[in-house]
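Spelled out, the chains give:
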Amino acid sequence: MGFSSSSSGLPGFYLVLLFLVGTSIVSADFYNEFDITWGNGRGKILNGDLLTLSLDNSSGSGFESRNEYMFGKIDMQLKLVAGNSAGTVTAYYLSSKGSNWDEIDFEFLGNLSGDPYILHTNVFSQGKGNREQQFYLWFDPTADFHTYSILWNPKSIVFSVDGTPIREFKNAESIGVPFPKDQPMRIHSSLWNADDWATRGGLVKTDWSKAPFTASYRNFKADACVVSSGKSSCGGSDNPAWLSEELDNTKQERLRWAQKNYMIYNYCSDSKRFPQGFPPECKSA
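All values derive from a computational prediction rather than experimental measurement. (Residues numbered from 1 in each chain as written. Predicted model: local features only at pLDDT ≥ 70, side-chain atom pairs only at ≥ 80, totals over all residues. Heavy atoms only, no water.)

(A) A look at the nonpolar core. Counting 62 residues, the largest nonpolar core has Met76, Phe106, Trp152, Ile157, Tyr217 and Phe220 as the members making the most contacts within it. Element by element, the count of residues in this core is highest for strand 14 (residues 213–228), at nine residues. Core analysis: the second largest hydrophobic core is formed by five residues, Val89, Leu109, Ile118 and Ala194 among them. (Core = buried A, V, L, I, M, F, W, Y, C linked by side-chain atoms within 4.5 Å. Buried < 20%, exposed > 50% of the residue type's maximum accessible area, 1.4 Å probe, protein only. Helix = DSSP H or I, 4+ residues; strand = E, 2+ residues; numbered from the N terminus.)

Right, here's the structure in full:
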């Protein structure tokens, strides 16, 4: 399935005018950008520049962006649940709607005190995921805020941590792999209990005596194409550089460093899971 595009690199449906939610936003106002969508008061926006989600034995909490995006370079700083976070999951992701949805996932799987968090990544296209890669981090993600970024353009999806790429999912439509490029997505995040699977396959349960568990967010930035009423804010002859950005040699080296030293699971290496052969995109990775 080919990628039909105009000379600008965007599907014609989205060519309207140029408007960037851009670098002038240093620290976006959470009141303007996001809505707390569930949790009955467990999600809070503080002074517009800090958002917190909490989890106790009654409920977790979550939020979503008011804007829908069709490609973008999106940063968020997170500080994860400290201490014994076993059984908890902090999810931060882009997702569209419907049964054939697209999704780009960061999920942070909690662990016992002193054991590392697992950063779980996945990409869904047209409702199909099963493209997991997992990583340890090279720092304590509970001690301070760190920046988790998604670059999503027609060529690839790049996951980065503090500016270091950890994963690249390339557009492989030329070999029949669907790529997220037709469905606008909102930013979502949630903190929830998943002790049936999150920590050591569900062997370690959530210790509710440590509740409430809290994750914090700040410094949201979006250089992105905003979609409203079916029209994208990007198009014309003056598209932003990130819309065609690819990893340069330095970032490719950093990607190899992260994957060599911190990747702990890659679906493209799991021969037991794919006895009939790896998914086609694994060959082009």
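(B) Looking closely at the pairing of strand 11 (residues 156–161). By the criterion of burial, strand 11 is predominantly enclosed, with six of the six residues buried. Here strand 11 shows two buried faces, one formed by Ser156, Val158 and Ser160 and the other by Ile157, Phe159 and Val161. Strand direction decides the pairing type here: strand 10 (residues 146–152) and strand 11, joined by five bridges, are antiparallel. Within strand 11, the position partnered with Ser149 by the bridge is Ser160. The antiparallel hairpin formed by strand 10 and strand 11 contains three residues in its connecting segment. (Pairing = 2+ DSSP bridges.)

(C) Just the packing of aromatic side chains, in detail. Under the defined criterion, the tally for this structure stands at 20 aromatic pairs. On the numbers, 6.2 Å between centres and 10 degrees between planes, the contact of Phe106 with Phe108 is stacked. Take Phe106 and Phe108: they sit in the same class, and that class is buried. Through pairs of rings, three or more aromatic residues link up here, namely Phe30, Phe34, Phe63, Tyr217 and Phe220. If you follow Arg254 out to its NZ or CZ, it ends over the ring of Trp257, 4.4 Å from the centre. (Phe/Tyr/Trp six-rings, centres within 6.5 Å; stacked < 30°, edge-to-face > 60°. Lys NZ or Arg CZ within 6 Å of the ring centre and 35° of its normal.)

(D) Focus on the UniProt feature "active site" (unreviewed entry) in the protein. Sequence positions flagged by UniProt for "active site" (unreviewed entry) are, in local numbering, Glu103 and Glu107. Within the secondary structure layout, Glu103 lies in strand 7 (residues 103–109). According to the relative accessible area criterion, Glu103 is buried, its value standing at 13%. Excluding its chain neighbours within four sequence positions, the residues that come into contact with Glu103 are Tyr93, Leu94, Ser95, Asn122, Val123, Phe124 and Met185. A distance of 3.5 Å separates a polar atom in the side chain of Glu103 from a polar atom in the side chain of Ser95. Along the polypeptide, Glu107 turns up in strand 7. (UniProt positions renumbered as here; feature names shortened; annotations may be inferred. Contact = heavy atoms within 4.5 Å. Polar contact = N/O pair within 3.5 Å; in protein donor to acceptor, adjacent residues only side chain to side chain.)

(E) Examining helix 2 (residues 249–262) more closely. With 14 residues, helix 2 ought to run about 20 Å at 1.5 Å a step, and its terminal C-alpha atoms sit 20 Å apart, in line with that. You can read the cap of helix 2 off the contacts: a side-chain oxygen lies 3.2 Å from the backbone nitrogen of Thr250, and it is on Asp248. (Expected span 1.5 Å × (residues − 1).)

(F) Local environment of the UniProt feature "glycosylation site" (unreviewed entry) in the protein. With numbering aligned to this structure, UniProt lists the feature "glycosylation site" (unreviewed entry) at Asn111. On the accessibility criterion, Asn111 (11% relative accessible area) is buried. Each residue touching Asn111, except ones within four places of it in the same chain, is listed here: Gly83, Asn84, Ser85, Ala86, Pro116, Thr199 and Arg200.

(G) Quick peek at the side chain of Thr142. With respect to the element layout, Thr142 can be found in the loop between strand 9 (133–135) and strand 10. For Thr142, a relative accessible area of 17% gives the class buried. At 2.7 Å, the side chain of Thr142 forms a polar contact with the side chain of Asp140. In contact with Thr142, other than residues within four places in its own chain, are Lys79, Leu80, Val81, Ala82 and Tyr117.

(H) Representation of the environment of Leu51. Mapped onto the elements, Leu51 comes out in strand 3 (residues 50–55). Using a relative accessible area of 0% as the deciding quantity, one classes Leu51 as buried. Sequence separation between Leu51 and Tyr217 is 166 residues, and the spatial gap between their C-alpha atoms is 5.1 Å.

(I) Main features of the state of the cysteines. Under the defined criterion, the tally for this structure stands at two disulfides. Disulfide partner of Cys225: Cys234, at an S-S distance of 2.2 Å. Across the S-S bond of Cys225 and Cys234 the torsion is about -95 degrees, and the bridge reads as left-handed. Residue classification places Cys234 among the buried residues on the basis of a relative accessible area of 0%. Each sulfur of the disulfide joining Cys268 and Cys282 lies 1.9 Å from the other. One quick way to see it: the torsion about the S-S bond of Cys268 and Cys282 is about -80 degrees, and its sign makes the bridge left-handed. On the criterion of sequence distance, the pair formed by Cys268 in the loop between strand 16 (263–266) and helix 3 (280–284) and Cys282 in helix 3 is long-range, its members being 14 residues apart. (Disulfide = S-S within 2.5 Å.)

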